[in-house]
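Notes for the structure review
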Amino acid sequence: MPLTLEQLNITSHAEAVRMLDGLYEHSPWIAEKALNERPFKSMAQLKYAMSEVLVHAGRDAQLTLIRAHPELAGKAMVSQSLTTESTQEQSQAGLTHCSPEEFAKIQKLNGDYNAKFGWPFILAVRGPRGVGLNKQQIINTFERRLNGHPDFELQECLRNIHRIVEIRLNDKFAAAPLQGQQVWDWQEQLAQHSDPGFAQAGQLTVTYLTDAHRACAQDISRQMHACGFDEVSIDAVGNVVGRYHGATPQVKYLLTGSHYDTVRNGGKHDGRLGFFVPMACVQALHQQSRRLPFGIEVVAFAEEEGQRYRATFLGSGALIGDFKPEWLEQRDADGISMREAMMHAGLRVEDIPQIRRDPAQYLGFVEVHIEQGPVLNEMNLPLGVVTSINGSVRFVVKIIGTASHAGTTPMNRRRDAVSAMAELALYMEQRAAQDVDSVATIGQLNVPNGSVNVVPGVCQFSMDMRAPQDAQRDALVKDVLSQLQAICERRNVQLELEETMRVAAAPSAPAWQARWEQAVHATGIPVFKMPSGAGHDAMKLHEVMPQAMLFVRGENAGISHNPLESTSCDDMQLCVDAFSHVLQQLEQETQ
């Protein structure tokens, strides 16, 4: 019989330790200390308690735990001396049936890794879905992490140990994250569609109104029908819209969703998590024949990334009446205008004004999104409540000095454009660090006609500055521009400056943020509040209705806009649980 959380909470300490035996490799003391936090209201709380024990145990204890783990396809596997749990995991990944070439490859990687770091390589070989990585995925991860920094790699080993423990704990308690697995599978299925060229290279790229984009829309539409939505349609800009009616006519709707387009060679979860999670919640309501005192409208936005055309937030913007007619005349790299692409897709440009939403018909907008950063991952927290989407300002800058001979121009006679930029870059880094959650970046840099033996006469670069509040952002911008001016005057170089974008911050509506906080608290994990440094569709809806967001942890240091973007089905399950809890709160509030 599987264990239950209730049994764990009420049994003796010694028996509870026995129940959790085998979670951490040869290290029962972690679970033993975590049990002091009983009673646990959820499995998530137990998992977090164990991770916190290890955080506070110190580096020596952490290294001892890591070294207690066997090498992948190592001597312990050959001698059949692995623990039962490790035997099952390595067997499920196919490591017990390596070819001689694969075995030799893994053995060399083991040796190189141990020589560099001084501990064995740790990987949760059952993977984020829990069904097992294949041998090539394991080897690829091995090779990538072999290039990591020791401090990061130590923490990455610990994070993988916690994932191993999470899966083992699920096995002990027969706690399969069924909805999280389903959301994971939906995202994998949708990722089968990719634009030409990228598809052949095994890369995910879905840009506005390509064949792959329209195939995604059809798949999402079919899945919405299967989930039990009452109305499913593709609107005039390609948004896929599913509506689940409330208990009575004329009720307001909760609006939610995110985008299904991607950056080039991107990840599978950016945006897409935001409509699949609420779809899973609607499916559960439909299966229970439940209607709420409000409706649910889920929108898979057709465009957010601005990859094919220079039009970001096209899908969500159209819903608030912010579709710019001049976009229709933009042309992509193949010379196809947006108007032509829309006509080819069967969309009617003249219908775009009709899809504008009346905010009075909605309770508000909520969005679930992968974090796209390292914070939650580093804190061993699966969820984070967004306090604000950062406002941003962007500039393109040209500093003009004098190109001169690098060998004959004395240092005190130079008008070096790059040195002026470099001085500014260091100032931006220092100034942004003085604030809480401000960031400043020079992301593009060009020295036209530069030569190895020429003092740079021209330097072109970009500046991107962001902060959770507009006033904070504007103070940062003011200081940076003032410093830039002072640097140029002191170095006797000219300055050309153009502001290219200014987007207001989107603070979360307090009542909606509080609902997310209550939902996270109900999962049993600590409530962690954080700003979003990236832009999201919620920024557009913020202009006409209250909004708030929930972040889910990303694996691989939270990397996003990258094929390594990932999260686990267990974390997705917590997303579904939190979203369901928000629905319950709204149900109680509106009855």
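Residues numbered from 1 in each chain as written. Predicted model: local features only at pLDDT ≥ 70, side-chain atom pairs only at ≥ 80, totals over all residues. Heavy atoms only, no water.

Counting its secondary structure elements, the protein contains 21 helices and 16 strands. In terms of overall dimensions, the protein is globule-like: its C-alpha atoms have a radius of gyration of 26 Å, near the 25 Å expected for 591 residues. Projected onto its principal axes, the C-alpha coordinates of the protein cover approximately 75 × 70 × 45 Å. Looking at the protein as a whole, 53% of its 591 residues are labelled buried. Within the protein, residue pairs in contact and separated by at least 24 positions form 77% of the contacts whose partners lie at least 6 positions apart. Carbon and sulfur atoms provide 50% of the accessible area of the protein, an area that totals close to 25,400 Å². (Helix = DSSP H or I, 4+ residues; strand = E, 2+ residues; numbered from the N terminus. Rg over C-alpha atoms; globule rule 2.2 N^0.38 Å. Buried < 20%, exposed > 50% of the residue type's maximum accessible area, 1.4 Å probe, protein only. Contact = heavy atoms within 4.5 Å. Areas by Shrake-Rupley, 256 points an atom, 1.4 Å probe, with all protein chains shown as cover.)

Core analysis: the biggest nonpolar cluster contains 99 residues, and Tyr 208, Met 338, Met 342 and Trp 516 have the highest contact counts within it. In this structure Met 342 touches Tyr 208, Leu 209, Ala 236, Val 237, Leu 328, Leu 347, Val 349 and Ile 352, once residues within four positions along its chain are discounted. (Core = buried A, V, L, I, M, F, W, Y, C linked by side-chain atoms within 4.5 Å.)

Once that is clear, we can look at empty space enclosed by the protein. On inspection of all chains with the given rule, the structure shows 3 cavities of 30 Å³ or more. One number sums up the size of the largest cavity: a volume of about 160 Å³. Residue lining of the largest cavity: 15 residues in total, with His 69, Leu 72, Glu 89, Leu 123 and Ile 164 positioned closest to the centre. Within the residue set of the lining of the largest cavity, elements represented by two or more residues are helix 7 (84-92) and helix 10 (150-173). Split into classes, the residues belonging to the lining of the largest cavity amount to 9 nonpolar, 3 polar and 3 charged. Empty space within the second largest cavity amounts to approximately 50 Å³. Every residue along the wall of the second largest cavity is listed here: Thr 207, Tyr 208, Asp 261, Glu 303, Gly 306, Gln 307, Arg 308, Tyr 309, Ala 311, Leu 314 and Met 338. Across the lining of the second largest cavity, the residue classes tally to 5 nonpolar, 3 polar and 3 charged. (1 Å grid on protein atoms, 1.4 Å probe; cavity = no way out; pocket = protein on both sides within 12 Å on 5 of 7 lines; lining within 4 Å. Points joined across faces, edges and corners; volume = space filled by probe spheres on them. Nonpolar A, V, L, I, M, F, W, Y, C, P; charged D, E, K, R; others polar.)

Turning to unusual backbone geometry, a few remarks are in order. In this model, Arg 38 is joined to Pro 39 through a cis peptide bond whose omega is 0°. Checked against the element boundaries, Pro 39 lands in the loop between helix 3 (29-34) and helix 4 (43-55). Located in the positive-phi region is Asn 449, a residue other than glycine, with phi close to 60°. If you trace the backbone, Asn 449 turns up in the loop between strand 10 (445-446) and strand 11 (454-455).

Time to look at helix 12 (residues 211-227). Compared with an ideal rise of 1.5 Å per residue, which puts 17 residues at 24 Å, helix 12 spans 24 Å between its outermost C-alpha atoms and is within 8% of the ideal. For helix 12, the full list of buried residues reads Ala 212, His 213, Cys 216, Ala 217, Ile 220, Ser 221, Gln 223, Met 224 and Cys 227. Buried residues belonging to helix 12 abut helix 11 (178-190), strand 1 (231-234), strand 2 (240-244), helix 13 (273-287) and strand 4 (295-301). Remark: Gly 228 follows helix 12 within two positions and exhibits a positive phi of approximately 105°. (Expected span 1.5 Å × (residues − 1).)

This brings us to the packing of aromatic side chains. Any pair of aromatic rings gets described here by the distance separating the centres and the angle formed by the planes. Under the counting rule described, the total for this entry stands at 10 aromatic pairs. Judged by centre distance (6.1 Å) and plane angle (75°), the ring pair of Tyr 113 and Phe 142 falls under edge-to-face. Linking Tyr 113 in helix 8 (residues 100-117) with Phe 142 in helix 9 (residues 135-145), this pair joins segments that are 29 residues apart in sequence. This pair shows no difference in class: Tyr 113 is buried, exactly as Phe 142 is. Each member of the aromatic cluster is reached from another via a ring pair, and the members are Tyr 113, Phe 117, Trp 119, Phe 121 and Phe 142. Directly above the aromatic system of Tyr 244 lies the positively charged group of Arg 291, at a separation of 4.2 Å from the ring centroid. A cation over a ring is seen here: Arg 515 above Trp 512, with NZ or CZ 4.3 Å from the ring centre. (Phe/Tyr/Trp six-rings, centres within 6.5 Å; stacked < 30°, edge-to-face > 60°. Lys NZ or Arg CZ within 6 Å of the ring centre and 35° of its normal.)

A separate point is helix 4. Across its 13 residues, helix 4 extends 19 Å between first and last C-alpha, which sits within 8% of the 18 Å expected from 1.5 Å per residue. Within helix 4, 10 of the 13 residues are buried, which leaves the element mostly enclosed by the surrounding structure. Met 43, Ala 44, Leu 46, Lys 47, Tyr 48, Ala 49, Met 50, Ser 51, Val 53 and Leu 54 are the residues of helix 4 that are buried.

Moving on, we get to the environment of Val 55. As for its position among the elements, Val 55 is in helix 4. Along the chain, Val 55 and Gln 155 lie 100 residues apart, while their C-alpha atoms are 9.7 Å from each other. With near-sequence residues (within four places) excluded, Val 55 lies in contact with Gln 62 and Asn 380.

What follows is about the side chain of Asp 537. Within the fold, Asp 537 resides in the loop between strand 15 (529-532) and helix 20 (538-541). For Asp 537, which is buried and forms no salt bridge, the nearest opposite charge comes from Lys 540, at a distance of 9.1 Å. Every residue in contact with Asp 537, bar those within four places of it in the chain, is listed here: Ser 258, His 259, Phe 301, Glu 303, Glu 304, Phe 313, Ser 316 and Glu 367. (Lys, Arg positive; Asp, Glu negative; His and termini not counted. Salt bridge = Lys/Arg side-chain N within 4 Å of Asp/Glu carboxyl O.)

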